[in-house]
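A closer look at the structure
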Amino acid sequence: MAAGKRLSLLVLAAGMGSRYGGIKQIDGFGPSGETIMDYSLFDALRAGFTKVVFIVREEIRQTVEEMFLPRLHGKADVEFVIQSLDTFVPKEYLNTGRTKPWGTSHAMLCAKEVINEPFAVINADDFYSLDAFAATADFFKHEPSAHAMVGYTLKNVLSEHGSVSRGCGERDGQGFLKSVVERTTVVKENGKIISKEKEGNLIMDPETPTSMNFWGFHPSIMPLTEQLFHEFLKTNSQNSKSEFFIPLVVNDMIKSGQGKVKVISGGNTWFGVTYKEDKEIVSGKIKELVRQGAYPSKLW
């Protein structure tokens, strides 16, 4: 990445929070009421990101704008993009009974018109730490074409309070992804990590390189994402629970030889909220990081 080149952060903040029981993207966790998103934005700015694109639902757009525009004023360019149920959906595939967003790849696709530079994709409700943002920014300084996945270790990214969805990867000898599979029901049971599949329980390797949805992409991924979304809709448009996940695009891109994805370091610290019971744990971890001096007690 040449000096002065723009680097965008795409924040996926349109989720419904059904298992959490509220809008966790804008819930306060820090000592001064900071959201988890606040810490990601703070770290991204420190790492050299110059633009922030929020993907939101129409119902929360005004709230997110009022919270974050003043905090980012003069620090980064800001865009707000609505992930609606009909964005990039051809008329013949519209599903009037659907209430749930179309998933992470669709959220990314919604930003197609406002992203023209390398960008990172993160979840609004996951805490990633400065390392992940710095590693991704550094990757783009030296990498003109390959994409990136910040790699986490499966055993370190589970919840004590129930099942979670995780992108479980496999890499080759050069550190590039061979595949990543979205396991939607991963749980700790009897000292083992199990993915509950339709075909039965699959015992997982605790050291599996795992995506916590922190990706680094070049904008060249957008046309492929749009093409694959339309293909996905051909068979899934009337299934109200189906989701178009980022690993679907990544796997197709790798398999078809249209792109490579490097598993990069930076996935040392992660915590997130899936269930209401996770809130106290996350708040405690943030408080400890503040005590250690990693963050000020009031971010902005």
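In what follows, the accompanying structure is described. Being a predicted model, the structure only gives us computed values, none of them experimental.

Each value, and the rule that gives it
Residues numbered from 1 in each chain as written. Predicted model: local features only at pLDDT ≥ 70, side-chain atom pairs only at ≥ 80, totals over all residues. Heavy atoms only, no water. Helix = DSSP H or I, 4+ residues; strand = E, 2+ residues; numbered from the N terminus. Buried < 20%, exposed > 50% of the residue type's maximum accessible area, 1.4 Å probe, protein only. Contact = heavy atoms within 4.5 Å. Pairing = 2+ DSSP bridges. Core = buried A, V, L, I, M, F, W, Y, C linked by side-chain atoms within 4.5 Å. Axes fitted to C-alpha atoms, helices over the stretch in contact; angles between N-to-C directions. Left-handed = near helix turned anticlockwise from the far one by under 90°. Phe/Tyr/Trp six-rings, centres within 6.5 Å; stacked < 30°, edge-to-face > 60°. Lys NZ or Arg CZ within 6 Å of the ring centre and 35° of its normal. Lys, Arg positive; Asp, Glu negative; His and termini not counted. Salt bridge = Lys/Arg side-chain N within 4 Å of Asp/Glu carboxyl O.

1. Observations concerning the environment of P31
- Assignment of secondary structure puts P31 in the loop between β1 (8-12) and α1 (36-47).
- Judged by its relative accessible area of 47%, P31 falls in the partly exposed class.
- Considered as a pair, P31 and V290 are 259 residues apart in the sequence and their alpha carbons are 8.5 Å apart.
- If sequence neighbours within four positions are ignored, P31 has contacts with Y39, I286, V290 and S297.

2. A closer look at the pairing of strand β11 (residues 209-217)
- Counting buried positions over the nine residues of β11 gives nine, a clear majority of the element.
- Burial of β11 is two-sided: the residues P209, S211, N213, W215 and F217 facing one way and the residues T210, M212, F214 and G216 facing the other way are all buried.
- Examined bridge by bridge, strand β6 (residues 147-153) and β11 share five bridges and lie antiparallel to one another. Residue pairing for β11: A148 is matched across the bridge by G216.
- As paired elements, strand β7 (residues 164-171) and β11 share two bridges and run antiparallel to each other. When the bridges of β11 are listed, C168 appears paired with T210.

3. Quick look at the nonpolar core
- By size, the foremost hydrophobic cluster in this structure holds 39 residues, and its most contacted members are L9, V11, F54 and Y128.
- Ranked by the residues each element gives to this core, the list is headed by helix α4 (residues 130-142), at six residues.
- Beyond its immediate chain neighbours, meaning those up to four positions away, Y128 contacts S40, I122, N123, F133, Y152, M212, N213, F214, G266, T269 and W270.
- Within the second largest apolar cluster, 38 residues are counted, among which are A111, V114, M222 and F244.

4. Side note on the packing of α1 against α4
- Between α1 and α4, whose axes approach to 8 Å, the crossing angle comes to 35°. The hand of the α1/α4 crossing is right-handed. Here S40, D43, A44, R46 and A47 of α1 come into contact with α4, specifically with L130, F133, A134 and A137.

5. Observations concerning the pairing of strand β10 (residues 200-203)
- Sheet topology places strand β9 (residues 192-197) next to β10; four bridges connect them, and they run antiparallel. Note on β10: the bridge partner recorded for S195 is L202.
- Between β9 and β10, which pair antiparallel and follow one another directly, the connecting turn spans two residues.

6. Details of the packing of aromatic side chains
- Evaluated as defined, the whole model comprises 20 aromatic pairs.
- Geometrically, the ring pair formed by W102 and F232 is edge-to-face, given 6.4 Å between the ring centres and 90° between the ring planes. Taken together, the positions of W102 in the loop between β3 (77-82) and α3 (104-109) and F232 in helix α5 (residues 221-236) put the pair 130 residues apart, joining distant regions of the chain.
- Measuring from ring centre to ring centre gives 5.5 Å for F139 and F140, while their planes differ by 70°; the resulting arrangement is edge-to-face. With respect to burial, F139 and F140 carry one shared label: buried.
- Here the aromatic cluster, defined as three or more aromatic residues joined through ring pairs, consists of Y39, F42, F127, F271, Y295 and W300.
- Here the guanidinium or amino end of R98 rests over the ring plane of W102, the centre of that ring lying 3.7 Å away.
- Directly above the aromatic system of F176 lies the positively charged group of K262, at a separation of 5.2 Å from the ring centroid.

7. Brief notes about the side chain of R166
- By secondary structure assignment, the location of R166 is in strand β7.
- No salt bridge is formed by the buried R166. Its closest oppositely charged neighbour is D126, at 6.0 Å.
- Those residues within four positions of R166 in sequence are excluded, and the remaining contacts are L154, V157, V181, E182, R183, V186, T210, M212 and W270.

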